[in-house]
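Summary of structural features
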Amino acid sequence: MRENVREANVVLAKCRKSHRTYGIRIERRTDNVWYCTWAFPITETGASNEGYGSTMISGRVDTDPEYPGCPYCGGRGWVSCGNCGKLTCWDNGESYFTCTWCGSSGEVTTAETFDLQGGGY
Ligand SMILES: [Zn+2]
Ligand SMILES: [Zn+2]
């Protein structure tokens, strides 16, 4: 048996509208399935002080029904940039996005698994 302790991490994302940074708390519930449970505003300085953004998370990422969305614009989801791998907030139904971190843009493709940079929690 594996231990039942829930593992949680925080990954960083940027709002596509306000260009501000926020943290997404994600929690591992079953093997390799992570759920986004919370999002909160944070500064990049604060995030690096907390050590967020330093651990890689691999697996499937899903959104908990309670997940509040982007704290700045309310976007329910996020996309992982194919160029820099970082997260930008996104709302269902939009088929095109511009990465707030590196400026590259493209079609939104939905992936089942992600490699995210998180931080020990
Ligand atoms: Zn946003
Ligand atoms: Zn990017």
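See the structure printed just above.
Residues numbered from 1 in each chain as written. Chains lettered and ligands numbered in written order. Predicted model: local features only at pLDDT ≥ 70, side-chain atom pairs only at ≥ 80, totals over all residues. Heavy atoms only, no water.

1. Description of the overall build of the chain
For the record, the criterion: Runs of H or I in DSSP of at least four residues are treated as helices and runs of E of at least two as strands, each being numbered from the N terminus. When accessible area is computed with a 1.4 Å probe and restricted to protein chains, residues below 20% of their type maximum are described as buried, those above 50% as exposed, and intermediate ones as partly exposed. In this analysis, two residues are considered to be in contact whenever any of their non-hydrogen atoms come within 4.5 Å of each other. Surface exposure here means Shrake-Rupley accessible area, sampled with a 1.4 Å probe, where a residue is shielded only by the protein chains that are shown.
When helices and strands are counted, the chain shows 1 helix and 9 strands. N-terminal to C-terminal, the α/β element order of the chain is β-β-β-α-β-β-β-β-β-β. By residue count, 40% of the 121 residues in the chain fall in the buried class. Residue pairs at least 24 apart in sequence account for 53% of intrachain contacts in the chain once pairs closer than 6 positions are excluded. Here the chain has roughly 6900 Å² of accessible surface; of this, 45% comes from carbon and sulfur atoms.

2. Some points on the coordination of the zinc ion (ligand 1)
Rules: Note that water is not among the atoms considered, so a metal site may appear incomplete; the donors listed are N, O and S atoms within 2.8 Å of the metal, with 3.2 Å applied to Na, K and Ca. Just to be clear on the cut-offs, tetrahedral is four donors with all angles between 85 and 135 degrees, square planar is four donors and octahedral six with opposite donors over 155 degrees apart and all others between 65 and 115, and anything else goes down as irregular.
Bound to the zinc ion (ligand 1) on the protein side are Cys 15 (SG), Cys 70 (SG), Cys 73 (SG) and Cys 89 (SG), at distances that span 2.3 to 2.4 Å. Geometry at the zinc ion (ligand 1) is tetrahedral, judged from its 4 donor atoms and the angles of 101 to 116° they form at the metal. Mapped onto the sequence, the residues coordinating the zinc ion (ligand 1) show the spacing C-x54-C-x2-C-x15-C. Residue classification places Cys 70 among the buried positions, given a relative accessible area of 4%.

3. Comments concerning the coordination of the zinc ion (ligand 2)
In the first shell of the zinc ion (ligand 2), the protein supplies Cys 81 (SG), Cys 84 (SG), Cys 99 (SG) and Cys 102 (SG), at 2.3 to 2.4 Å from the metal. Taken together, the 4 donor atoms surrounding the zinc ion (ligand 2) define angles of 106 to 116° at the centre, an arrangement classified as tetrahedral. Every donor residue of the zinc ion (ligand 2) comes from the same chain, spaced as C-x2-C-x14-C-x2-C. Judged by relative accessible area, which is 3%, Cys 99 ranks as buried. What makes Cys 102 partly exposed here is its relative accessible area of 34%.

4. Thoughts on the pattern of salt bridges
Going by this rule: Salt bridge, as used here, is a side-chain nitrogen of Lys or Arg placed within 4 Å of a carboxyl oxygen of Asp or Glu.
This model, assessed by the stated rule, comprises 7 salt bridges. A salt bridge links Lys 14 to Glu 44; the nearest nitrogen and oxygen atoms lie 3.2 Å apart. Taken as a pair, Lys 14 in strand E1 (residues 7-14) and Glu 44 in helix H1 (residues 44-50) lie far apart in primary sequence, 30 residues in all. Across the pair Glu 27 and Arg 25 runs a salt bridge whose closest N-O atoms are separated by 3.1 Å. Each of Arg 25, Glu 27, Arg 29 and Asp 64 takes part in one network of salt bridges that share partners.

5. Some details on the side chain of Lys 14
Going by this rule: For the purposes of these results, a polar contact is taken to be a pair of N or O atoms within 3.5 Å, where, inside protein, one atom must be able to donate a hydrogen and its partner to accept one; residues adjacent in sequence count only when each atom of the pair is a side-chain atom.
Assessed through its relative accessible area of 13%, Lys 14 is described here as buried. Looking at Lys 14, its side chain comes within polar contact range of the side chain of Glu 44, at 3.2 Å.

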